Structure formats: structure tokens, C-alpha cells
Amino acid sequence: MKRGTLVTIILFVALGAFLVLRTLGSQRTECEVTVEYEGRRNSARASGATEQEAAQQAQTTACGPIAAGMNATIACTNRRPVEKSCRAK
């Protein structure tokens, strides 16, 4: 293998590792949310930089399988969660 090719591969691996660590490092809070919509319940877990961001992402994820269509999804995500627990990572 040529030296230039090896250096390029090492640089790409280092850049990829940096991006992964940087992305995961910003996820400081993890929340699990349970929502109920039209008689159906679902739970989901998500992480985010803040508790509010993590809870909102978890609620959006939980609403996905139980709400059909954009209007129902919006209505579901605007409801108060049945359960919510958050913790710092």
C-alpha cells in the first residue's frame, strides 16, 4: 500500500472518530417518555443536550407508531406524557 493512501485512510478514520465522539458528547440527558393517544400507549427513550430536548425527542418517537398521519402526530406530541423520567448521563 502506498504511503499517501495509508495517511489518507488514517486521517479519515481519525475524522470519523472525532465526529462520533463530538456528537455523542453533546447528548447529556436521557429521557424515557410514555404517551397515550386514542386509547393506545407507547414508550420511547431518547437523549439530548437538555432535558427538554431529550423529552421532546422521546415523545415524538413514542407517538410515531400510535398516531396515523401528520395531524394525529402533532396532536399526540402536544399531549402531556403519562410518564416521564429523565437522568443525566
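### Thoughts on helix α3 (residues 70-77)
Residue pairs three or four apart in sequence face the same way in an α-helix, which turns once every 3.6 residues.
Phase 1: Within the sequence span of α3, burial applies to Ala72, Cys76 and Thr77. Angular distribution of buried residues about the axis of α3 spans 130 degrees; they occupy a single face of the element. Counted as exposed and oriented over 90 degrees from the buried face of α3: Met70 and Asn71.
Phase 2: In this structure, the buried side of α3 is in contact with β1 (29-37) and α2 (51-63).

### Points about the nonpolar core
Phase 1: One finds Val33, Val35, Tyr37, Ile66, Ala67 and Cys76 to be the most contacted residues of the largest nonpolar core, which totals 15 residues.
Phase 2: Contributions of two or more residues to this core are made by β1, β2 (40-48), α2 and α3.
Phase 3: Among the elements that line this core, the one with the most residues is α2, at five residues.
Phase 4: Ignoring any residue separated from it by four or fewer positions in sequence, one finds tyrosine 37 in contact with Ile66, Ala67, Ala72, Ala75, Cys76 and Arg79.

### Thoughts on unusual backbone geometry
Phase 1: In this structure, glutamate 38 is a non-glycine residue whose phi angle is positive, near 50 degrees.
Phase 2: As for its position among the elements, glutamate 38 is in the loop between β1 and β2.

### What about a nonpolar patch on the surface?
Phase 1: Nonpolar side chains collect at one region of the surface, where Met1, Leu6, Ile9, Ile10 and Val13 lie side by side and expose about 550 Å² of accessible area between them.
Phase 2: Tracing the backbone through its elements, the reader meets isoleucine 10 in helix α1 (residues 3-25).

### What to know about the confidence of the model for the protein
Phase 1: For the protein, the mean per-residue pLDDT works out to 89, and 94% of the residues sit at or above 70.
Phase 2: The spread of mean pLDDT over the elements of the protein runs between α1, the lowest at 81, and β1, the highest at 95.

### A short note on the pattern of salt bridges
Phase 1: This model, assessed by the stated rule, comprises five salt bridges.
Phase 2: For arginine 40, the salt bridge identified is with glutamate 38, shortest N-O distance 3.7 Å.
Phase 3: Classification of glutamate 38 as exposed rests on a relative accessible area of 58%.

### Considering the sheet that holds β1
Phase 1: The three strands lie next to each other as β2-β1-β3, forming an open sheet whose pairing is antiparallel. The two strands at the open ends of the sheet, each matched to only one other strand, are β2 and β3 (83-88). Across the sheet, the axes of successive neighbouring strands diverge by a mean angle of 10 degrees, strand direction being ignored.
Phase 2: Across nine bridges, the pairing between β1 and β2 is antiparallel. What sits directly across from threonine 34, in β2, is serine 43.

What counts, and where the lines are drawn
Numbers given to residues run from 1 along each chain, matching the order in which its sequence is written. Owing to the predicted nature of the model, reporting of local features is limited to residues with pLDDT of at least 70; listing and counting of side-chain atom pairs is limited to 80 or more, with chain, interface and lining totals taken over all residues. Based on all heavy atoms of the structure, the side-chain values leave hydrogens and waters out of the count. Buried residues are those whose accessible area, probed at 1.4 Å on protein chains only, stays under 20% of the maximum for their type, while exposed residues exceed 50% and partly exposed ones sit between those limits. A helix here means a DSSP run of H or I that spans at least four residues, while a strand means a run of E at least two residues long, and both kinds are numbered starting from the N terminus. In this description, the arc belongs to the directions extending from the helix axis to the C-beta atoms. Contacts are residue-level and defined by heavy atoms, with any inter-residue pair within 4.5 Å sufficient. We call a set of buried residues a nonpolar core when its members are Ala, Val, Leu, Ile, Met, Phe, Trp, Tyr or Cys and they connect through side-chain atoms within 4.5 Å of each other. Any residue with relative accessible area above 30% and no salt bridge may belong to a patch, with like charges joined within 9 Å and the nonpolar Val, Leu, Ile, Met, Phe, Trp and Tyr side chains within 5 Å. Areas reported as accessible are Shrake-Rupley estimates using a 1.4 Å probe. Residue values count occlusion only from the protein chains shown. One speaks of a salt bridge when a side-chain nitrogen belonging to Lys or Arg is within 4 Å of a carboxyl oxygen belonging to Asp or Glu. pLDDT is a per-residue confidence score from the predictor, ranging from 0 to 100. Strands are treated as partners if at least two bridges between them are detected by DSSP. Here the axes come from fitting lines to C-alpha atoms, over the contacting stretch only for helices, and the angles between their N-to-C directions go from 0 to 180 degrees.

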